[in-house]
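Chain by chain, the residues:
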Amino acid sequence: MKSLVDRLGQRALFGLDPETAHGLSIAALKSGLPLARRSKADPRLATTVAGLALSNPLGMAAGFDKNAEVPDALLRLGFGFAEVGTVTPLPQAGNARPRIFRLLEDAAVINRLGFNNQGHAAAAARLAARARKPGIVGVNIGANKDAEDRIGDYAAGVTRFAGLASYLTVNISSPNTPGLRDLQGRGELKTLLQRVGEARASSPAPAIPIFLKIAPDLGESDLDDIALEVTARGIDGVIVSNTTLSRHGVRSARRAEAGGLSGKPLFSRSTAVLARMRERLGPKLALIGAGGVDGTEAALEKIRAGADLVQLYTGMIYAGPSLAGTIVAGLARHAEKEGLRSLAELRDSHIAKWLATPID
Ligand SMILES: Cc1cc2nc3c(=O)[nH]c(=O)nc-3n(C[C@H](O)[C@H](O)[C@H](O)COP(=O)(O)O)c2cc1C
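What counts, and at which threshold
- Residues numbered from 1 in each chain as written.
- Predicted model: local features only at pLDDT ≥ 70, side-chain atom pairs only at ≥ 80, totals over all residues.
- Heavy atoms only, no water.
- 1 Å grid on protein atoms, 1.4 Å probe; cavity = no way out; pocket = protein on both sides within 12 Å on 5 of 7 lines; lining within 4 Å.
- Points joined across faces, edges and corners; volume = space filled by probe spheres on them.
- Helix = DSSP H or I, 4+ residues; strand = E, 2+ residues; numbered from the N terminus.
- Near = heavy atom within 4 Å.
- Polar contact = N/O pair within 3.5 Å; in protein donor to acceptor, adjacent residues only side chain to side chain.
- Areas by Shrake-Rupley, 256 points an atom, 1.4 Å probe, with all protein chains shown as cover.
- Pairing = 2+ DSSP bridges.
- Axes fitted to C-alpha atoms, helices over the stretch in contact; angles between N-to-C directions.
- Contact = heavy atoms within 4.5 Å.
- Left-handed = near helix turned anticlockwise from the far one by under 90°.
- Nonpolar A, V, L, I, M, F, W, Y, C, P; charged D, E, K, R; others polar.

**Student:** Break down the layout of surface pockets for me, citing the residues and quoting the values.
**Tutor:** Estimated volume of the second largest pocket: approximately 360 Å³. Taken together, the elements giving at least two residues each to the lining of the second largest pocket come down to β2 (52-54) and α3 (71-76). The biggest single contributor to the lining of the second largest pocket is α3, with three residues.

And the structure:
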């Protein structure tokens, strides 16, 4: 159930344009106000993935805290980890406003932000200032729109943040930077992951896990290629997925806005791609499921489809700041009810169902 803060907050925020509302949410988190009740840690939710010891498997997805302003406040909301970014080497304004749209009837959002962010230096300074604090904080790295050497921008991100983050995410799946998704093709991906691997090896943290974040708009043979390169280049895990260009099942008139769609209508497609990645990568590689997670049942289903960890963003826009705590408490109740020692026991149990769900 939504708390009073959630209901009052949502009414106020939904009266504003989405980007102004987002700015207010960041300000509220920065202020240190207790926006949600903290859930109790439950040992059955604790998990170690790619060497990261997490108190629970639910994370804040990239894009909410683009400039690493509030990772600790996000962890206080109940998330087991927080991913900041996408950060690009140079500050970047992004696309013209308006560039975020709520699709209320669909519990979805379309955004075409285009990696608006304050650049590496600003995020690195904030992360350095919290370096001694506990908590898993990942940094999602990208390339500037007009970079001459896009792959070089990713290598620079690894060099810059390896010593400041718990893990890094190589994000090549934003639909809002023209040509970026081409890096998912086999040839470019190989070069990208090689350079990223070299940058990690010569960084101050050569053992830091690196994840690759992919789009949901990929066919079976694209997924084959990505799985092969991820395995061959020593990438530690894959985040499935970013936003989609598809408008399948979306009713709102806003569906015509250009950009990436997130939220409820993305759940099925992103979960079907997640299961396909699990099938290709085998049981050991880390998989993080994102796309349309709006409650405990959706989070559980990502795990059953093959995820070790789960992330959300759009769900919190609709449900408010108590969503993370609500889901984490729900996961603990589920583990209790089913007599599980660890939630990881559920992993892959619905993989066949999701493999049978079409992705085109
Ligand atoms: C407003 C907005 C901004 C986003 N910005 C980023 C970003 O900078 N980098 C990134 O990797 N993903 C970004 N995402 C994608 C989310 O991290 C996530 O992968 C996607 O929205 C699916 O999850 P959801 O349905 O729970 O929102 C953004 C999503 C939204 C809604």
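Back to the text.
**Student:** Hey, could you go over the site of the ligand for me, with residue numbers and the actual values?
**Tutor:** Around the ligand sit 22 residues in total, of which Ala-62, Lys-66, Thr-86, Gly-292 and Thr-314 are the nearest. In the environment of the ligand, an oxygen atom lies 2.7 Å from a nitrogen or oxygen atom belonging to the backbone of Ala-62. One of the backbone nitrogen or oxygen atoms of Gly-263 is found 2.8 Å away from an oxygen atom of the ligand. When the ligand is considered free in solution it has 610 Å² of accessible area, and contact with the protein chains removes 98% of it.

**Student:** Mind laying out the sheet that holds strand β4 (residues 81-87), listing which residues take part and the relevant values?
**Tutor:** In space, the eight strands of this closed barrel follow the order β3-β4-β7-β8-β9-β10-β12-β13, with parallel pairing throughout. Within the sheet, the average angular offset between the axes of one strand and its neighbour, ignoring direction, is 25 degrees. Bridge count between strand β3 (residues 58-60) and β4: two bridges; the pairing is parallel. Across the sheet, residue Met-60 finds its bridge partner in β4, namely Ala-82. Along the sheet, helix α5 (residues 150-161) makes contact with β4, β7 (136-141), β8 (167-171) and β9 (210-214), crossing β7 at roughly 155 degrees.

**Student:** Quick rundown of the packing of helix α9 (residues 296-304) against helix α11 (residues 323-338)? Include the residues and the values.
**Tutor:** Relative to each other, α9 and α11 sit at 60 degrees, their axes nearing to 8 Å. Crossing hand, α9 versus α11: right-handed. For the pair α9 and α11, the contacting residues are Thr-296, Ala-299, Leu-300 and Arg-304 in the first and Thr-326, Ile-327, Gly-330, Leu-331 and His-334 in the second. Each residue belonging to the contact of α9 with α11 can be placed in one class, and the counts come to four nonpolar, four polar and one charged.

**Student:** Pulling in residues and values, what's your account of the side chain of Thr-169?
**Tutor:** Looking at the element boundaries, Thr-169 is found in strand β8. Polar side-chain contacts of Thr-169 include one of 3.3 Å to the side chain of Glu-83. Not counting residues within four places of it along the chain, the set of residues in contact with Thr-169 comprises Glu-83, Val-139, Asn-140, Ile-141, Phe-211, Lys-213 and Ile-239.

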